[in-house]
Amino acid sequence: MTADEPTILATSAGFERGAHGLFDLRPGPIHHFAAELANAGPDARFCFLHQAIGDPENWIGATYAAFAKTGYRASHLQLFPMPNHEDIRAHLLDQDVIWVNGGSVANLCAVWRVHGLEEILHEAWQAGVVLGGVSAGSICWHAGGSTDSYGLKLRGFTDGLGWLPYSNGVHYDAEEQRRPMMHKLIGDGTLPDGYATDDGAGLVYRGTRLAEVVADKEGPLGYELKRAADGSVVETPLPTRVLKY
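The following paragraphs examine the structure supplied in this document. Nothing here was measured: the structure is a model prediction, and the numbers come from that model.

## Some remarks on the overall build of the chain
Argument step 1. In terms of helices and strands, the chain carries seven helices and 16 strands.
Argument step 2. Over its C-alpha atoms the chain spans a radius of gyration of 17 Å, differing by no more than 12% from the 18 Å that the globule rule assigns to 245 residues.
Argument step 3. Referenced to the eigenvectors of the C-alpha coordinate spread, the extents of the chain come out at roughly 50 × 40 × 40 Å.
Argument step 4. Pairs at least 24 apart in sequence give 68% of the contacts found in the chain among residues at least 6 apart.
Argument step 5. By element, 52% of the accessible surface of the chain is carried by carbon and sulfur atoms, the whole surface being about 10200 Å².
Argument step 6. The chain carries 19 positive and 30 negative side-chain charges, and their two centres are separated by 3 Å.

Given below as structure tokens:
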């Protein structure tokens, strides 16, 4: 099954964490919602991409452990040290959801381009495979955003895939540099107008149009960020629907 139209779910939301560390994860409401967007049901096919943190085996294993507790069919695409699928395009086009986890968005986009994933992922998006992700896996689809890819002090990132012609701010309420940095980058023209998400919130794009904002609990919001004529940024909270799973 596929989405009704090209769909991207760009979020600051992800797994639910248990008390026993990395191997005590559960799919979050945002993952269940991604399967719903794909019209895929309880046995949806998810492929996980962990290139933003270099494809570490512990995270790959933790993802499989989390999804083993569901009916979803999990797989992963690994690019470090080499691809784990002979035909990357065929594998990705066979998915219902492609989910990209967080880390360095600068490294993520660079590695994808080396391996030709920019074209493959665009084809999957147009074919109705839901593209989703958290943090770096949210910024990557946009023109850019604020990032710690270059160090602890946030900087602007302007080399996203750009299919969504907006800026994207993640972890908006959780990291004190995020809000002022997004205002600065949009205000000085480094980034275009765009959208931001608190931790737990996600943006649903149909084609390139923002269709809805969702959250995995009460409280997190999405925001529209628009540059005013004087260079200031107008921030508008958006209606946000709480997911019930």
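Continuing now.
## Considerations on the nonpolar core
Argument step 1. Ranked by internal contacts, the top residues of the largest apolar core, which has 40 residues, are L92, W112 and W141.
Argument step 2. Not counting the four nearest positions on each side in its chain, W141 is found in contact with I8, V100, W112, L121, L131, G132, L161, G162, W163 and L164.
Argument step 3. Counting 26 residues, the second largest nonpolar core, distinct from the first, contains A44, F46, F48 and F67.

## A short note on the pattern of salt bridges
Argument step 1. Following the criterion strictly, the structure yields 12 salt bridges and no others.
Argument step 2. Between E16 and R26 there is a salt bridge; the shortest N-O distance is 3.5 Å. A residue pair is termed long-range when its members are at least 10 positions apart, and E16 in strand β2 (residues 16–17) and R26 in strand β3 (residues 25–26) qualify at 10 residues.
Argument step 3. Assessed through its relative accessible area of 32%, E16 is described here as partly exposed.

## Remarks on the environment of P6
Argument step 1. If you trace the backbone, P6 turns up in the segment before β1 (7–11).
Argument step 2. The exposure class of P6 is buried, given its relative accessible area of 18%.
Argument step 3. Here the alpha-carbon distance between P6 and I88, two residues 82 residues apart in the chain, equals 20 Å.
Argument step 4. Discounting chain neighbours no more than four positions away, the residues touching P6 are W125, Q126, Y205, R206 and G207.

## Overview of the sheet that holds β1
Argument step 1. If you walk across this open sheet you meet the eight strands as β5-β4-β6-β7-β1-β12-β13-β16, and the pairing is mixed. A single partner strand is all that each edge strand has here, and the edge strands are β5 (73–77) and β16 (241–242).
Argument step 2. Summarising the sheet, strand β12 (residues 201–206) and strand β13 (residues 209–215) pair through six bridges and their orientation is antiparallel. Considered in β13, the bridge of L203 is made with V213.

## So, the sheet that holds strand β10 (residues 164–169)
Argument step 1. Taking strand neighbours across the sheet as the criterion, the six strands line up as β9-β8-β10-β11-β14-β15 in an open arrangement whose pairing is mixed. Both outer strands of the open sheet, β9 (155–157) and β15 (233–238), are each paired with one neighbouring strand and no more. Strand after strand, the sheet turns through a mean of 25° between neighbouring axes, direction not considered.
Argument step 2. Pairing geometry for strand β8 (residues 142–147) and β9, over three bridges, is antiparallel. In the sheet register, S146 faces β9, and the bridge partner there is G156.
Argument step 3. Across the sheet, helix α7 (residues 178–187) touches β8, β9, β10, β11 (194–197), β14 (222–227) and β15, and the angle it forms with β8 is around 135°.

## Side note on the state of the cysteines
Argument step 1. This model, assessed by the stated rule, comprises zero disulfides.
Argument step 2. Left unpaired, C47 is separated from the closest cysteine sulfur, that of C140, by 14 Å.
Argument step 3. For C47, a relative accessible area of 0% gives the class buried.
Argument step 4. C109 supplies the cysteine sulfur nearest to C140, a cysteine that is in no disulfide, at a spacing of 5.6 Å.

## As for the pairing of β11
Remember that side chains alternate between the two faces of the sheet whenever the strand is regular.
Argument step 1. Going residue by residue along β11, you find G194 and A196 tucked away on one face and Y195 and T197 tucked away on the opposite face as well.
Argument step 2. Taken together, the three bridges between β10 and β11 define a ladder with parallel strand orientation. Its bridge partner lying in β11, N168 is registered against Y195.
Argument step 3. This β-α-β element, β10 to α7 to β11, shows right-handed connectivity.

Definitions and cut-offs
- Residues numbered from 1 in each chain as written.
- Predicted model: local features only at pLDDT ≥ 70, side-chain atom pairs only at ≥ 80, totals over all residues.
- Heavy atoms only, no water.
- Helix = DSSP H or I, 4+ residues; strand = E, 2+ residues; numbered from the N terminus.
- Rg over C-alpha atoms; globule rule 2.2 N^0.38 Å.
- Contact = heavy atoms within 4.5 Å.
- Areas by Shrake-Rupley, 256 points an atom, 1.4 Å probe, with all protein chains shown as cover.
- Lys, Arg positive; Asp, Glu negative; His and termini not counted.
- Charge placed at Lys NZ, Arg CZ, Asp CG, Glu CD.
- Core = buried A, V, L, I, M, F, W, Y, C linked by side-chain atoms within 4.5 Å.
- Buried < 20%, exposed > 50% of the residue type's maximum accessible area, 1.4 Å probe, protein only.
- Salt bridge = Lys/Arg side-chain N within 4 Å of Asp/Glu carboxyl O.
- Pairing = 2+ DSSP bridges.
- Axes fitted to C-alpha atoms, helices over the stretch in contact; angles between N-to-C directions.
- Disulfide = S-S within 2.5 Å.
- Right-handed = clockwise from strand over helix to strand, strands pointing away.

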